[in-house]
Each structure stands twice: as C-alpha cells, then as structure tokens.
Amino acid sequence: MKIGILALQGAVEPHAEKLRALGADVVEVRVSRDLKDIQGIILPGGESTAMIKILHKNQLWDDLKAFTATHPSWGVCAGAILLARKVTSPEQESLNAIDVEIERNAFGRQNESFIGDLVSTPSWPKEPVSGVFIRAPRIRAAGPGVQVLLKWGDEPVMVRSGKTMLSTFHPELTDGTQVHDYFLSFCQP
C-alpha cells in the first residue's frame, strides 16, 4: 500500500517512519503528480499558513482538495486545520474535507506544549494513546456525521467522518503506532 505524506513543510519523517514500520510504502507529496497511485494521504503538523502558500505556489491546492474529498486523508495539527470546514483565530481558507470548525493555536503557544493521556471513546477500536500537543488547535464544533474517537478531558482531539480523520495532537511523536495503524485500516484498496 502506498501512503502519501504532504511534504512541503512540517513533521514528515516521523510519520514516514511509523508507516514504514507498519509495512506501507511512503510517497512524499510535493506536486500534483505525486498524488497518483497513493491510497491515502497524511497532512502533517507544521505551520498551516506556510503550507497554504506553498500549496498554491506548487499549484497543488485544487488537486489536493479533490483528492481529500474522495480518498482517505488524515490531518495532524496543522494538517487538521487544512482539512477543516471552517478555521478561526484567524480565519483562513481550508480544503473543507470534514465538517468541523477548528481554532488555531487554541491550546496555547510553544511554551505551553504538553503530553497527556487521552480518553478513548466507544468508537476507538485500539489501545488508549498519549497525545503530544504543540501549539495545538481545538475542535470547536463538529457536524452530525463526525465521530469522536479520542478526547483530552471532555474535548474531542481526534475525529473521523467517512475516510477523513483529524487529530489535534501528534501521534507520530510517541512510541506507539496505534493511530497510524488505524489510519491504514481504512486506506485499504
């Protein structure tokens, strides 16, 4: 199975290591032709405004939007911001791939980053995981078709709708592979 990682900026290699450990082939996506023949894509953490600028510069925005509308897609932190329907603090354009409203940097700045044990919901089929939160966004609202998988306290921090998933934390920075394995489970051709 081939999984793409948006490789314009951000935490690409930690995701690639997890995917390779689980037996997936990794394609670094930088231009539209890189989307060909992949079964799913991870939009990693980084800086969402920088990613948007590079996506437009590389003429990848429209093709990525079409891809994420029809293929398994997972947005992590900044990637979650890119996939959301609506972005606040400040408002910015997004790929509108999942019916959530997300607030940028809502968990605080860099010096307020933290690691915490997450709460599993009945929808999460794996072992509980820890979350690494670095300038993390918050999911402020979710549409009726959005399923909460993991929470921090009472707040949703990982959600899924169809084949689109968001996590506001960084599972690639932990020892476990449960979240990557879960994503691969719905990337099967």
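Residues numbered from 1 in each chain as written. Predicted model: local features only at pLDDT ≥ 70, side-chain atom pairs only at ≥ 80, totals over all residues. Heavy atoms only, no water.

Moving on, we get to helix α1 (residues 13-21). Residue pairs three or four apart in sequence face the same way in an α-helix, which turns once every 3.6 residues. Among all positions in α1, only His 15, Ala 16, Lys 18 and Leu 19 are buried. Here the buried residues of α1 occupy an arc of 165° about the axis, which is enough to place them on one side. Facing away from the buried side of α1, by more than 90 degrees, are the exposed residues Glu 17 and Ala 21. For α1, the elements touching its buried residues are β1 (2-6), β2 (25-29), β3 (40-43), β4 (73-76) and α5 (178-185). (Buried < 20%, exposed > 50% of the residue type's maximum accessible area, 1.4 Å probe, protein only. Helix = DSSP H or I, 4+ residues; strand = E, 2+ residues; numbered from the N terminus. Arc of directions from axis to C-beta. Contact = heavy atoms within 4.5 Å.)

With that out of the way, let us pick up the environment of Thr 121. Locating Thr 121 in the fold gives a position in the loop between β8 (119-120) and β9 (130-133). The buried category is assigned to Thr 121, whose relative accessible area is 13%. Remark: the alpha-carbon pair of Thr 121 and Gln 147, spanning 26 residues in sequence, is separated by 9.5 Å. If near-sequence neighbours (up to four positions away) are discounted, Thr 121 is found in contact with Val 148, Leu 149, Leu 150 and Lys 151.

A word on the layout of surface pockets. The gaps of empty space that remain are located by a probe, the size of a water molecule, rolled over the atoms. Looking at the largest pocket, its volume works out to about 210 Å³. As for the largest pocket, its lining consists of 16 residues, of which Gly 46, Glu 47, Cys 77, Ile 134 and Arg 135 are closest to the centre. Here the residues of the lining of the largest pocket are counted per class, giving 7 nonpolar, 6 polar and 3 charged. (1 Å grid on protein atoms, 1.4 Å probe; cavity = no way out; pocket = protein on both sides within 12 Å on 5 of 7 lines; lining within 4 Å. Points joined across faces, edges and corners; volume = space filled by probe spheres on them. Nonpolar A, V, L, I, M, F, W, Y, C, P; charged D, E, K, R; others polar.)

A few words on the sheet that holds strand β5 (residues 84-88). What the 3 strands build is an open sheet, ordered β5-β6-β10; its pairing is mixed. Because the sheet does not close on itself, it has two edges, and the strands there are β5 and β10 (138-142). Across the sheet, the mean angle from the axis of one strand to that of its neighbour is 30°, orientation sign disregarded. Bridge count between strand β6 (residues 98-103) and β10: 4 bridges; the pairing is antiparallel. Across the sheet, Glu 103 pairs through a bridge with Arg 138, a residue of β10. (Pairing = 2+ DSSP bridges. Axes fitted to C-alpha atoms, helices over the stretch in contact; angles between N-to-C directions.)

Under the criterion given, the structure shown has 8 aromatic pairs. Both rings, one in Phe 114 and one in Phe 133, keep their centres 4.7 Å apart while their planes meet at 10°; by these two values the pair is stacked. Of the two residues, Phe 114 sits in strand β7 (residues 114-117) while Phe 133 sits in strand β9, which places them 19 residues apart along the sequence. Here Phe 114 falls in the partly exposed class, since its relative accessible area comes to 23%. Arranged with centres 5.9 Å apart and planes meeting at 45°, the rings of Phe 133 and Phe 169 form a pair that is tilted. Residue Phe 133 is found in strand β9, and its partner Phe 169 is found in the loop between β13 (164-167) and α5; the two are separated by 36 residues along the sequence. (Phe/Tyr/Trp six-rings, centres within 6.5 Å; stacked < 30°, edge-to-face > 60°.)

To continue, consider the pattern of salt bridges. The tally for this structure, following the rule as stated, stands at 8 salt bridges. The salt bridge partner of Glu 13 is Arg 20, with a shortest N-O separation of 3.2 Å. Taking relative accessible area as the criterion, Glu 13 reaches 35% and is therefore assigned partly exposed. Here Glu 28 makes a salt bridge to Arg 30, at a shortest N to O gap of 2.5 Å. With a relative accessible area of 39%, Arg 30 lands in the partly exposed category. Here the salt bridges share partners, and the residues they tie into one network are Glu 47, Arg 104 and Arg 135. (Salt bridge = Lys/Arg side-chain N within 4 Å of Asp/Glu carboxyl O.)

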